[in-house]
Amino acid sequence: MRENLSYEQFGVAVRELAQTIADDGYKPDVVLSIARGGVFVAGGLAYALDCKNIHLVNVEFYTGVGTTLEMPVMLAPVPNAIDFTDKKVLIADDVADTGKTLKLVRDFCLDAVAEVRSAVIYEKTQSLVKCEYVWKRTDEWINFPWSVLPPVTPSGEAPAFNKEAL
Ligand code: 5GP
């Protein structure tokens, strides 16, 4: 079984997630997006919450459906934690699955910032980080609209192989 999210549903999800954050009275100074999936979420949340400051951290963990590196790793360039000093940070990602990625980024922020909270479209039961803001809970593998299709290739060339969509 798969949980399928379309771009249209994502548009609704990100507005609803932002509404929950606004209703909770959290006004982030910085949205910190976990690339690549979190970039979509961060952009939507930053607009909806009227936050003009977006930063990005690149984390690599998954190599396919349910297959991961041993631990998530931050790829260079790692953001300068000084940029977040005394800031209220909202970490944005597409899904907290094991939660290891979010934990890595949250721990990176914890010492430096005034406050850090996390927002995700999906959170799975096993996640070791319990996000403050979650749009939907599922334990299925999620097909996101940005990664369900293989990368485009020049017209006429063989299509690329997408290990996420298997
Ligand atoms: P975690 O560290 O919480 O296990 O996983 C974090 C990242 O792994 C997510 O930001 C996402 O890129 C990828 N990931 C984890 N679970 C899923 C899933 O169900 N579907 C997809 N497409 N990616 C996932």
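Residues numbered from 1 in each chain as written. Predicted model: local features only at pLDDT ≥ 70, side-chain atom pairs only at ≥ 80, totals over all residues. Heavy atoms only, no water.

Points about the UniProt feature "domain: Phosphoribosyltransferase" (unreviewed entry) in the chain
As a reminder of what qualifies: UniProt positions are given in the numbering used here, feature names are shortened, and annotations may be inferred rather than shown by experiment. We count a stretch as a helix when DSSP gives it H or I for four or more residues in a row; a strand needs E for two or more, and each element gets its number in order from the N terminus.
According to UniProt, the positions carrying the feature "domain: Phosphoribosyltransferase" (unreviewed entry) are residues 9-148. Taken end to end, residues 9-148 is 27% helix and 37% strand, and its first and last C-alpha atoms sit 15 Å apart.

Quick notes on the confidence of the model for the chain
The criterion, for reference: pLDDT measures how confident the predictor is about each residue, on a scale from 0 to 100.
For the chain, the average pLDDT comes to 92, and 98% of its residues sit at 70 or higher. For this predicted complex, the interface confidence comes out at an ipTM of 0.97, alongside a pTM of 0.92.

A word on the sheet that holds strand β3 (residues 54-64)
Each strand in a sheet pairs with its neighbour through backbone hydrogen bonds, running either in the same direction (parallel) or in the opposite one (antiparallel). Put simply, the test is: Any two strands between which DSSP finds at least two bridges are classified as paired. Think of each axis as a best-fit line through the C-alpha atoms, taken over the contacting stretch in the case of a helix, with angles from 0 to 180 degrees between the N-to-C directions. Contacts: residue pairs with any heavy atoms within 4.5 Å of one another.
With mixed pairing, six strands are arranged side by side in an open sheet as β4-β3-β2-β5-β6-β7. Either end of the sheet is taken by a strand with one partner, and the two such strands are β4 (67-75) and β7 (133-137). Strand after strand, the sheet turns through a mean of 20° between neighbouring axes, direction not considered. In this structure, strand β2 (residues 30-35) lies alongside strand β5 (residues 88-96), joined through four bridges in parallel fashion. Bridge assignment links Ser33 to a residue of β5, and that residue is Ala92. Docked against the sheet, helix α3 (residues 100-110) engages β2, β3, β4, β5 and β6 (115-123), running at close to 25° with respect to β4.

Considering the pairing of β6
So the rule is basically this: When accessible area is computed with a 1.4 Å probe and restricted to protein chains, residues below 20% of their type maximum are described as buried, those above 50% as exposed, and intermediate ones as partly exposed. The definition of a right-handed crossover adopted here requires that, viewed with the strands pointing away, the path from the first strand over the helix to the second runs clockwise.
Across the nine residues of β6, eight count as buried, placing the element largely inside the fold. Where β5 lies against β6, eight bridges are found, and the strand directions are parallel. Among the inter-strand pairings, Ala92 is bridged to a residue of β6, identified as Ala119. In terms of handedness, the path from β5 via α3 over to β6 forms a crossover that is right-handed. Summarising the sheet, β6 and β7 pair through four bridges and their orientation is parallel. If you follow Val120 over to β7, its bridge partner there is Val134.

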